[in-house]
Amino acid sequence: MTASLLCLVHCVGTPLLLLMFPMIGFSESDDLVHRAMAILVVIPAVLAILPGFRKHRNWSVLLTGSSGLACFIVSVLVIGPHYGEMAELVFATIGGVLLFTTHYRNHRFCRCCVNEAGQ
C-alpha cells in the first residue's frame, strides 16, 4: 500500500514539479535537471526491484529491471546529449516500458509468494 501511495504521489507530483522548474531557474535542457530526474527514477526502482527479487528469486525480473534502468540512464546521460532529444525520448520510453513490465511482474511474483506461504 505504501508503494502504491508513493506511486500516486510520484505520478501527480512529477508533472507539477516539472512545471515549477522554470520558476526556480532550471530549464528542461539543463544537464542538472536530467541527472536529477535519472536519480529520481533509479532510487525508487532499485528499492522496489531488489526486495522483490530477494523474495521470489526470479532472475528474469532482475534482468528486465536492470535493462530498463540501464536503458533509461544511458538515454538521459549519453544518448540525449549526443543524439538529441528525440533519440533520448525513444530510449527513455523503452527503458520506462521495461521498468513498468518489471514492476508488474515483480508485484505478481511477490503476490504468488504470499499466496504460497498462506496455504
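Structure's up top.
Structure report, in brief. (Residues numbered from 1 in each chain as written. Predicted model: local features only at pLDDT ≥ 70, side-chain atom pairs only at ≥ 80, totals over all residues. Heavy atoms only, no water.)

In terms of regular secondary structure, the protein chain is built from 4 helices and 0 strands. Considering the protein chain as a whole, with its 119 residues, one finds that 25% of them fall into the buried category. Sequence-distant contacts, at least 24 apart, represent 65% of the contacts inside the protein chain between residues at least 6 apart. In the structure as shown, the protein chain presents an accessible area of about 8,300 Å², 72% of it carried by carbon and sulfur atoms. (Helix = DSSP H or I, 4+ residues; strand = E, 2+ residues; numbered from the N terminus. Buried < 20%, exposed > 50% of the residue type's maximum accessible area, 1.4 Å probe, protein only. Contact = heavy atoms within 4.5 Å. Areas by Shrake-Rupley, 256 points an atom, 1.4 Å probe, with all protein chains shown as cover.)

Moving on, we get to the packing of aromatic side chains. Aromatic ring pairs: the centre-centre distance and the angle between the two ring planes describe each pair. The full count for this structure, using the stated rule, is 1 aromatic pair. Taken together, a centroid distance of 4.7 Å and an interplanar angle of 70 degrees make the contact between Phe53 and Trp59 edge-to-face. Assessed through its relative accessible area of 7%, Phe53 is described here as buried. On the basis of relative accessible area, Trp59 is assigned to the exposed category, the value being 61%. (Phe/Tyr/Trp six-rings, centres within 6.5 Å; stacked < 30°, edge-to-face > 60°.)

Below, the discussion takes up helix H3 (residues 59-83). Along an α-helix, residues three or four positions apart point the same way, because every turn accommodates 3.6 residues. The largest bend in H3 comes to about 45 degrees, at Ser75. Of the residues making up H3, those classed as buried are Val61, Leu62, Thr64, Gly65, Gly68, Leu69, Cys71, Phe72, Ser75, Val76, Ile79 and Gly80. Count one or two residues on from H3 and you reach Gly84, which has phi positive near 100 degrees. (Bend = angle between axes of the 7 residues up to and from the residue.)

Time to look at the nonpolar core. Grouped together as the largest cluster of nonpolar side chains are 6 residues: Ala45, Ile49, Phe53, Leu62, Leu69 and Leu99. For this core, the secondary-structure elements that each account for two or more residues are helix H2 (31-56) and H3. In terms of residues, this core owes the most to one element, H2, which gives 3 residues. When near neighbours in sequence (up to four residues on either side) are disregarded, Ile49 contacts Leu62, Gly65, Leu99, Thr102, His103 and Asn106. (Core = buried A, V, L, I, M, F, W, Y, C linked by side-chain atoms within 4.5 Å.)

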